[in-house]
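Commentary on secondary and tertiary structure
Here is how the chains run, residue by residue.
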Amino acid sequence: MKILIRNGTVVNDDGSRNTDVLTDGKLIEAVEPGILPPETCKIVEADGLLVIPGGIDPHTHLEMPVGAIHTADGFDSGGEAALSGGTTTIIDFVNPLRGQSYVEAYEQWMGRAQKATCNYSFHVTVTWFDDQAAEEMRYLSERGGVNSFKHFTTYRDTIMLNQEGMLQSFFHVARLGCLATVHAENDVIITHLQNDLLKKGITHPKGHVLSRPPIAEAEATNRVIALAEVAGVPVYIVHLSCAGALDAVKAAQIRGQEVYAESLCGHLLLDRSVYFNHSREIAARYVMSPPYRSREHRDALWDGIATESIQVIGSDNCTFTQEQRNLGLYDFTRIPNGSPGIEDRLRIIWDQGVRTGRLSRERFVAATSTNAAKIFNMYPRKGVIKPGSDADIVLWDPDKSHSVSAGSHRQAIDYSVFEGYEFIGSPSLTILNGQVVFENGRVNVAAGAGTFVARSPR
Ligand SMILES: [Zn+2]
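Everything quoted here is computed from the prediction, not taken from an experiment. (Residues numbered from 1 in each chain as written. Predicted model: local features only at pLDDT ≥ 70, side-chain atom pairs only at ≥ 80, totals over all residues.)

Helices and strands together make up the secondary structure of the protein, namely 13 helices and 19 strands. Against the compact-globule benchmark of 23 Å for 458 residues, the protein has a radius of gyration of 21 Å, which places it among compact chains. In terms of principal-axis extent, the alpha carbons of the protein reach across some 70 × 50 × 40 Å. In the protein, once contacts between residues fewer than 6 apart in sequence are set aside, the share between residues at least 24 apart is 76%. (Helix = DSSP H or I, 4+ residues; strand = E, 2+ residues; numbered from the N terminus. Rg over C-alpha atoms; globule rule 2.2 N^0.38 Å. Contact = placed C-beta atoms within 7 Å.)

What follows is the structure in structure tokens.
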């Protein structure tokens, strides 16, 4: 059915205006004032509300296997959490095992995503690189709708790629016309500090933050940017979390190198003090990499977003239950890493970014939707309210308050790292592919309603 949204303020990354929006059941048909209602249509009054492009979260891990366990949020519950928080599209990660066929891993992830309740796309992680890997990467970029390949500078036992492999992969990704993305932390520093701390008897989760200092991230970010420059590949640093890494990104951008950065909503809200809770169980909930940083770093990230050195804010949603966290209660290196955020990302950024005056409404839309659409080549299909674009639309109520609690959130975990926060600014209605899927506080969407978003090389 068509939907007419009346008298809202449409906010795109390049400006705002009071106008109506008409959808045709799938796409946005018209954006202009005074649209007459078609004969059969749902009319939504949007006085006082913002009409924004559905959020794009380019960093999630739904139903991701890690050893014998997998992340708690699936493509169904995770998607519902996303929709209720104003996100309509996610880009998740296919993580092949070392030596596993990339195409086979891609098909496994595709299978899990068949029940997706929000739109989805995939990055593929380069966990090994040789001629066969190169051929499979080519196949996925030409036939699989994948235009971004992720690389890790750490996790030596599982998915890290050595520098030679990374440089070769970067050259190949450049040839494919794709984007290299990187998790940048210095593995030698981290491994040394982890072993050292454990030897000293420090097993509490605080060992996590103590073993991953900002300099480890800054060094690896510099190194990766150098490799990317040599290979001539555009590079996107995922979850940039500290001032030193941001300096590396800024310096490269000033030189004219194509470098993008993403920060996470969690890093923009919390700080490292959470790791020093006396309760190991509570401290373990916050273990993610890079870890939450001190306040100076958080302020640097906000500056980076305001000045557009950091283009994108993701969540890195990767949820584990308390029971799963407890696997590492007496050895911090065994705690499964990750944090929620798919549900609260937009609220955090509005409350902490727009309401504090750090970001304009347009920058909010850019950082939560449009820039990801542009960088990952989904624009203008996604990331903008414009005739012809997909009808992924959020009605944002700038004054609506929302309290976070494990008792009421939609994520499939039994605690929240944002417990007790009250955010002002929240969605009142979400439209996915032309259908209302969230309204009056209720998500109403069928498993499989999310569609795969193929992204071609640039
Ligand atoms: Zn991640």
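Another point: unusual backbone geometry. The residue after Ser289, namely Pro290, is reached through a cis peptide bond having omega -10 degrees. With respect to the element layout, Pro290 can be found in the loop between helix H9 (280-284) and helix H10 (295-306). A positive phi angle, close to 65 degrees, is found at Asn7, a residue other than glycine. Mapped onto the fold, Asn7 is located in strand S1 (residues 2-12). The class of Asn7 is partly exposed, set by 16 C-beta atoms lying within 10 Å. Even without being glycine, Asn377 reaches a positive phi, approximately 60 degrees. Looking at where Asn377 falls in the secondary structure, it is placed in the loop between helix H13 (361-375) and strand S16 (393-403). Under the C-beta neighbour-count criterion, Asn377 is labelled buried, with 21 such atoms within 10 Å. (Buried ≥ 20, exposed ≤ 12 C-beta atoms within 10 Å, placed from the backbone.)

A few words on the nonpolar core. Residues Val51, Val235 and Ile237 are the most contacted members of the largest nonpolar core, which totals 120 residues. Counting contributing residues per domain, this core is built from domain 1 (2-51 + 388-440) and domain 2 (54-375), each supplying no fewer than three. Residues Val209, Leu270, Val287 and Phe332 belong to the second largest nonpolar core, which totals 14 residues. (Core = buried A, V, L, I, M, F, W, Y, C linked by C-beta atoms within 7 Å. Domains from an automatic or database assignment.)

Here we come to the packing of helix H12 (residues 345-354) against H13. The interhelical angle for the contact between H12 and H13, taken along N-to-C directions, is 145 degrees, at an axis separation of 11 Å. By crossing handedness, the relation of H12 to H13 is classed as right-handed. Contacts from Arg345, Leu346, Ile349, Trp350, Gly353 and Val354 of H12 reach H13 at Arg361, Phe364, Ala367 and Thr368. Residue classes in the contact of H12 with H13 are distributed as 6 nonpolar, 2 polar and 2 charged. (Axes fitted to C-alpha atoms, helices over the stretch in contact; angles between N-to-C directions. Left-handed = near helix turned anticlockwise from the far one by under 90°. Nonpolar A, V, L, I, M, F, W, Y, C, P; charged D, E, K, R; others polar.)

Within the secondary structure, Phe320 is located in the loop between strand S15 (312-314) and helix H11 (322-325). For the pair Phe320 and Ser339, spaced 19 residues apart in sequence, the C-alpha separation works out to 7.8 Å. Not counting the four nearest positions on each side in its chain, Phe320 is found in contact with Thr71, Ala72, Arg325, Pro336 and Gly338.

In a regular helix each residue adds 1.5 Å, so 18 residues correspond to 26 Å; helix H7 (residues 214-231) covers 26 Å between its end C-alpha atoms and thus fits that length. Structurally, H7 contributes buried residues whose contacts are with helix H4 (163-176), strand S12 (179-183), helix H5 (187-199), strand S13 (235-237), helix H8 (243-255) and strand S14 (259-264). (Expected span 1.5 Å × (residues − 1).)

Here the focus is the environment of Phe75. Mapped onto the secondary structure, Phe75 falls in the loop between strand S8 (69-70) and helix H1 (77-84). Ignoring sequence-local partners within four residues, the contact set of Phe75 consists of Leu62, Glu63, Arg112, Ala113, Lys115, Ala116 and Tyr120.

Domain boundaries assigned for the protein yield domain 1 (2-51 + 388-440) and domain 2 (54-375). Between domain 1 and domain 2, the C-alpha centre-to-centre distance is 27 Å. Tallying the contact residues gives 32 residues for domain 1 and 37 residues for domain 2. Breaking the side of domain 1 that touches domain 2 down by element, the ones donating at least two residues are S1, strand S2 (15-23), S16, strand S17 (422-432) and strand S18 (435-439). A per-element tally of the side of domain 1 that touches domain 2 places S17 first, with 7 residues.

Before going further, it helps to examine H1. Across the 8 residues of H1, 8 count as buried, placing the element largely inside the fold. Buried within H1 are the following residues: Ser77, Gly78, Gly79, Glu80, Ala81, Ala82, Leu83 and Ser84. Turning to H1, the residues buried within the fold contact strand S6 (55-60), strand S9 (87-94), S17, S18 and strand S19 (442-443). Looking one or two places after H1, you find Gly86, whose phi comes out positive at around 95 degrees.

This part is about the sheet that holds S13. Read from one edge to the other, the open sheet built from 8 strands follows the order S6-S9-S10-S11-S12-S13-S14-S15, with strand pairing classed as parallel. With partners counted over all chains shown, the strands left at the sheet margins are S6 and S15, one partner each. Direction aside, neighbouring strands of the sheet carry axes that sit 30 degrees apart on average. Here S6 pairs with S9 via 4 bridges, running parallel. (Pairing = 2+ DSSP bridges.)

This paragraph deals with the packing of H4 against H7. The interhelical angle for the contact between H4 and H7, taken along N-to-C directions, is 45 degrees, at an axis separation of 9 Å. One element, H4, and the other, H7, form an angle in the oblique class. H7 is crossed by H4, and the crossing has right-handed handedness. Each of Met166, Leu167, Phe170, Phe171 and Ala174 in H4 lies in contact with H7, whose residues at this interface are Leu227, Ala228, Val230 and Ala231. When its residues are assigned to classes, the contact of H4 with H7 shows 9 nonpolar, no polar and no charged. (Parallel < 35°, antiparallel > 145°, perpendicular 65-115°, else oblique.)

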